[in-house]
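Given next are the chains, with one letter for each unit.
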Amino acid sequence: MTDVLALSSYAADRWAPAGGGEILVSAIDGAPVAAMPGIQAEIGDMLRHARQVGGPALRRMGFAARGKMLRAMAEAVIAHKDELYALSALTGATKNDSWLDIEGGAGVLFVYAAKAKGLAGGQILLEGEREPITKGAFAGQHILTPVRGAALHINAYNFPVWGMLEKLAPTLLAGVPAIVKPATVTAWPTWAAFRILIESGVVPDGALQLLLGSAEGALDLLTCEDVVAFTGSAQTAAKLRAHPRVIAETIRFGAEQDSLNASILGPDATPDSPEFDLFAKEVVREMTVKAGQKCTAIRRALVPAPLLEAAQATIAARLAKITPDDPRLETTRMGALAGTKQRDDVRRQLARLQAEATMVAQSGEGPNEGAYMPATLLRCDRPLSAEFVHSVEAFGPVATLMPYADVGEAAELARAGKGSLVMSLFSNAPQTVATLVCETAASHGRIAIIDRDSAADSTGHGSPMPHLVHGGPGRAGGGEEMGGLIGMKHYMQRTAVQGSPSVLDALANI
Ligand code: NAP
């Protein structure tokens, strides 16, 4: 690619002046790829437009029409996917990484479009059964209606297309207009996918806007009727959730943060059991897919103490077969990090982890230019007394192997992450799995249990599914996204309506 893309925000149904600002560069070789807008769009005008034009238009459509719109949006993304794949590669993503981002993102839209078919009525979602609260003609019903404001989506850099679409699907189906603010370092695939959505012509005026560049100041303009959905680091989330306006107006603030996800090889495993191999393979996969830049990646690999050496040797042998390379090559299994700043951050965090853990294996080095770094396995022999391995996130191809003595200790170590998006268990002993689930579920948003029977069909440790909740307690941010219809509820208000049965019947038909 030779032309530098001139990116622009999309505000109040118009493309704002393009380019002239910060130059964004390729993760592959540092070549210029895109220019951010030199002038920031007027956030106040965007919010007003969303509330006054987008919200009413979406609410008029009802669930069925909004579901059809999501399907058409997904089809538009798929129809233009080649263009997106080419742009995605420049963020360091391999073909497989881009598939997760682009087709995975379209997949979320498709799932929500299908969910819309099961929703009765157009404006109001009934929740649960009617409650007979007295013996007479007076009952209660919980209903959900879309909030009257706008959704401000602040996204992370690692999945520029999926990250936008996984938030848009539940938001738009709920009937709420969105302003998408992508992370700057990889803003161009988001911009390109957003353009495709707008040019599909299926989205009503005001329902979708794109804010490129800083969102500084945006939170000052929000009201109690708006929603913020944030994905990114714990540090930025802490700053934004403590924003005086967010507190004063009780603004809904959902956060998806980083987490130190664990994967546990069950105590029943042996070096020749299928679960042992499945575990080792998954650890390596999670270290190398997206060059480890996945909020759900395995950061802590927990193995029974007697299997520590064998697990290390197997993972090391697998890593030795991988060398990061140009993601545009069909043969490349691991690409580059999103940028050299991100790579340098990972190196810094890796150095901190090495205060408690030893480097025991690496993949090949990869090219010198660009944002490549080798996948690195650390080992921590005393994880119960360690701190950094459970708290320092190296957002890249880094994982730490650690031993546990028994099931109780494995659970304690998993919980030492202080709240994670996901944990996986590789075991063929259902009773042990049940105990571990019981001991750890409250600290996790999702648990993937993989054994010899389910492995071939499994969606793996690291893939959030649109049907299931993505999010986690504590360190992971305390938020939830997707989860099928659950995901819409973050953009809707629950109201307990009390009245006569005929009034409640009428509500069901609006
Ligand atoms: P980040 O630095 O926290 O930035 C996240 C987003 O917040 C970006 O869009 C950023 O915009 C924006 N931002 C920063 N300061 C802001 C402010 N004062 N006001 C409004 N917006 C602001 O995180 P990142 O480096 O993009 O992403 C990496 C992190 O995200 C990792 O820690 C990873 O674990 C986490 N993550 C979590 C999930 C999840 O689902 N849980 C998914 C992906 C990533 P600019 O880019 O313009 O600064």
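Everything numeric in this text was worked out from a predicted model, so none of it was measured. (Residues numbered from 1 in each chain as written. Predicted model: local features only at pLDDT ≥ 70, side-chain atom pairs only at ≥ 80, totals over all residues. Heavy atoms only, no water.)

### Here's the deal with helix α12 (residues 430-440)
When we look at burial in α12, the residues that qualify are Thr432, Val433, Leu436 and Thr440. Take α12 and look down its axis: the buried residues cluster within an arc of 100°, on one side only. Seen from the open side of α12, the exposed residues pointing more than 90 degrees away from its buried face are Pro430, Gln431 and Cys438. (Buried < 20%, exposed > 50% of the residue type's maximum accessible area, 1.4 Å probe, protein only. Helix = DSSP H or I, 4+ residues; strand = E, 2+ residues; numbered from the N terminus. Arc of directions from axis to C-beta.)

### Quick word on the packing of aromatic side chains
Evaluation of the coordinates by the stated rule reveals seven aromatic pairs. Aromatic pair Phe230 and Phe253: ring centres 6.5 Å apart, planes at 15°, arrangement stacked. With Phe230 in strand β11 (residues 227-231) and Phe253 in strand β12 (residues 252-256), the pair connects residues that are 23 residues apart, well separated along the chain. What makes Phe230 buried here is its relative accessible area of 3%. Relative accessible area serves as the criterion here: at 16%, Phe253 is assigned to the buried category. A centroid spacing of 5.8 Å and a plane angle of 75° characterise the contact between Phe279 and Phe426, whose relative ring orientation is edge-to-face. With Phe279 in helix α8 (residues 274-288) and Phe426 in strand β18 (residues 420-426), this residue pair connects regions lying 147 residues apart in the sequence. Like Phe426, Phe279 is buried. (Phe/Tyr/Trp six-rings, centres within 6.5 Å; stacked < 30°, edge-to-face > 60°.)

### Looking at the site of the ligand
Taken together, 26 residues form the shell around the ligand, and within it Asn155, Thr184, Ser233, Thr236 and Glu393 come nearest. Measuring from an oxygen atom of the ligand, one finds a backbone N or O atom of Gly232 at 3.3 Å. At 2.8 Å, a side-chain N or O of His470 approaches an oxygen atom of the ligand. If the ligand stood free it would expose 910 Å²; the protein chains cover 83% of that surface. (Near = heavy atom within 4 Å. Polar contact = N/O pair within 3.5 Å; in protein donor to acceptor, adjacent residues only side chain to side chain. Areas by Shrake-Rupley, 256 points an atom, 1.4 Å probe, with all protein chains shown as cover.)

### As for the sheet that holds β18
The seven strands lie next to each other as β15-β16-β17-β14-β13-β18-β19, forming an open sheet whose pairing is mixed. Unpaired on one side and paired on the other, β15 (358-362) and β19 (444-450) mark the two borders of the sheet. Averaged over neighbouring strand pairs, the angle between their axes works out to 25° when direction is ignored. The sheet strands contacting α8 are β13 (262-265), β14 (300-304), β16 (376-379), β17 (398-404), β18 and β19, and the helix crosses β13 at an angle near 160°. (Pairing = 2+ DSSP bridges. Axes fitted to C-alpha atoms, helices over the stretch in contact; angles between N-to-C directions. Contact = heavy atoms within 4.5 Å.)

### Observations concerning the packing of helix α2 (residues 81-89) against helix α5 (residues 187-199)
One way to put it is that α2 packs onto α5 with a least axis distance of 9 Å and a crossing angle of 165°. Taken together, α2 and α5 sit at an angle that is classed as roughly antiparallel. Crossing angle aside, the handedness with which α2 passes α5 is right-handed. Contact residues: α2 offers Glu83, Leu84, Leu87 and Ser88, while α5 offers Trp188, Pro189, Ala192, Ala193 and Ile196. Broken down by class, the residue content of the contact of α2 with α5 amounts to seven nonpolar, one polar and one charged. (Parallel < 35°, antiparallel > 145°, perpendicular 65-115°, else oblique. Left-handed = near helix turned anticlockwise from the far one by under 90°. Nonpolar A, V, L, I, M, F, W, Y, C, P; charged D, E, K, R; others polar.)

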